Amino acid sequence: MQQIIPGNHASISPNLQTSVRKLAINPNQWYVVARSNEVTNNPLAVTIWKQAIALYRDSTGKVHALEDRCPHRQVKLSHGQVIKNELECAYHGWRFNSEGECAAVPYLADNQKLPTCQIRRYPVKEQDGFIWLFPGNKEPNIEPNIEPNIEPMGLPEWDNLNYIATVSVIQTQAHYSYLIENLMDMYHGHLHQDLQAWAEASLQNIDEDENKVHAHYTAQSYYKIDKIWSISQLFFPALRRLHPEPLDVSYVYPHWVSTLGNDFKIYCLLCPVNETETKAYLIHFTSLNAFWRLHKLPVWFRRFIKDSLFGAAQKLLDGLVVQDVKMIEEEQQAFLQNPEIRNYELNRALVSVQKLMKTQVEKSS
């Protein structure tokens, strides 16, 4: 546990600051590349750290992920279609099975054999409403140098009937480090004004290891969900009253999670695209645990309530994203124009975050 000494400034060396903005990712982790409802039997093109991938469902509904490249003429397979559970190239109709092997060529002569060309298959899991993909060079649970029990971080609240979910997509022209630092730095609530859920954040301590950085803040919260009418605070600022709440934020590489008191939990699931582009999914959960009478109702009715209220915080969440993305992209542009200029940082959590990013990339090399 790293104790915080009031008034003691954090220190990020210029060399570390510069190198972090050019860091790759640790590919031996699970990343989120799409929502479940985005993937159908029509191929979907996604990119995870410069790797173009085609996602599709077969006739059983299972999701597959193949390198988005036809080895015949190097065009994108995601332009094609799924035929008999195989991904067909739009150009010449070559088809590839879920293992990435060439399975059919429509004009193959009787005296010709199928090409032995093969494209890469990616391990993929559908879990908690999202598609998780492992872009590493080795398959998890098989190669000895990969942890045998590595699993996607997951969202236990996704199917829990006591939580209402809202999802916002983050698309920013910036390195993923800027997004993570923004999320870990609770002092930036100043930016959000009426949209923020907290005030007067104060960093108390940091707990860190080679896989995570956990920062514990104290804060004043605007929201308290204890009565059915109190949910209206999400929409009417005049009804909010400040009260103290613990505010915890964690960078569990490569994703982020935050809890504010007992009522709110937020995840940010990352899909870094390249050095200057990041996609992420921000998922906000509002707890209904305080409503004990609700728990006695039939499960089908509770499911109806959960589904009906999906996206209830959309305007709030989208507003936060727009404000954050503007600042993050300005940071990125400032770095590109003047990479030698040093930032002055007072939040120790960001020093730990930058070290973790570098440690994870070095760990994978």
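Scroll up to find the structure this text is about.
For clarity, every value in this text was computed on a predicted model and none was experimentally measured. (Residues numbered from 1 in each chain as written. Predicted model: local features only at pLDDT ≥ 70, side-chain atom pairs only at ≥ 80, totals over all residues. Heavy atoms only, no water.)

Re the pattern of salt bridges
Tallied over the entire structure, the rule returns ten salt bridges. A salt bridge links Arg57 to Glu126, with the shortest nitrogen-to-oxygen separation between them at 2.7 Å. One end of the pair, Arg57, is in strand β4 (residues 51–57); the other, Glu126, is in strand β10 (residues 124–127), with 69 residues separating them in the sequence. Here Glu126 falls in the partly exposed class, since its relative accessible area comes to 40%. The partner of Lys125 in a salt bridge is Glu151, with the nearest N and O atoms 2.5 Å apart. Of the two residues, Lys125 sits in strand β10 while Glu151 sits in the loop between β11 (130–133) and β12 (163–172), which places them 26 residues apart along the sequence. Accessibility expressed as a relative area gives 43% for Glu151, which makes it partly exposed. (Salt bridge = Lys/Arg side-chain N within 4 Å of Asp/Glu carboxyl O. Helix = DSSP H or I, 4+ residues; strand = E, 2+ residues; numbered from the N terminus. Buried < 20%, exposed > 50% of the residue type's maximum accessible area, 1.4 Å probe, protein only.)

Section: the pairing of strand β3 (residues 44–48)
With five bridges connecting them, β3 and β4 associate as antiparallel partners. When the bridges of β4 are listed, Ile48 appears paired with Gln51. (Pairing = 2+ DSSP bridges.)

Focus on the nonpolar core
Leu55, Phe130, Tyr176, Met184 and Ile283 are the most contacted members of the largest nonpolar core, which has 77 residues in total. Residues within four places of Ile283 in sequence aside, it is in contact with Phe130, Leu155, Trp158, Thr166, Val167, Lys265, Ile266, Tyr267 and Leu269. Among the nonpolar cores identified, the runner-up in size contains 13 residues, and Tyr56, Leu66, Val82 and Cys89 belong to it. (Core = buried A, V, L, I, M, F, W, Y, C linked by side-chain atoms within 4.5 Å. Contact = heavy atoms within 4.5 Å.)

So, the sheet that holds β3
Strand order in this open sheet of three strands is β3-β4-β5, and the pairing throughout is antiparallel. Where the open sheet ends on each side, the last strands, each with one partner, are β3 and β5 (63–67). Direction aside, neighbouring strands of the sheet carry axes that sit 35° apart on average. For β4 and β5, the ladder comprises five bridges, and the chain directions are antiparallel. Counterpart to Arg57 in the pairing with β5 is Val63. (Axes fitted to C-alpha atoms, helices over the stretch in contact; angles between N-to-C directions.)

A short note on the packing of aromatic side chains
Counting across every chain of the model gives twelve aromatic pairs. Here the aromatic residues Phe130, Trp158, Tyr163, Tyr267, Tyr281, Phe285 and Phe310 are joined through ring pairs into a cluster of three or more. In this arrangement the basic side chain of Arg21 is found over the ring face of Tyr178, its NZ or CZ atom lying 4.1 Å from the centre. (Phe/Tyr/Trp six-rings, centres within 6.5 Å; stacked < 30°, edge-to-face > 60°. Lys NZ or Arg CZ within 6 Å of the ring centre and 35° of its normal.)

Things to note about unusual backbone geometry
Trans is the prevailing form of peptide bonds, just as negative phi is the prevailing case for residues other than glycine. Residues Tyr253 and Pro254 are joined by a peptide bond in cis, for which omega reads 10°. Relative to the helices and strands, Pro254 resides in the loop between β15 (243–252) and β16 (255–260). Phi at Lys50 is positive, roughly 70°, even though this residue is not glycine. The backbone phi angle of Lys84 is positive, close to 50°, even though this residue is not glycine.

Examining the side chain of His255
Within the secondary structure, His255 is located in strand β16. There is a polar contact of 2.9 Å between the side chain of His255 and the backbone oxygen of Trp30. In this structure the side chain of His255 is engaged in a polar contact, spanning 3.0 Å, whose partner is the backbone nitrogen of Leu270. (Polar contact = N/O pair within 3.5 Å; in protein donor to acceptor, adjacent residues only side chain to side chain.)

Geometric values such as these leave the question of function open.
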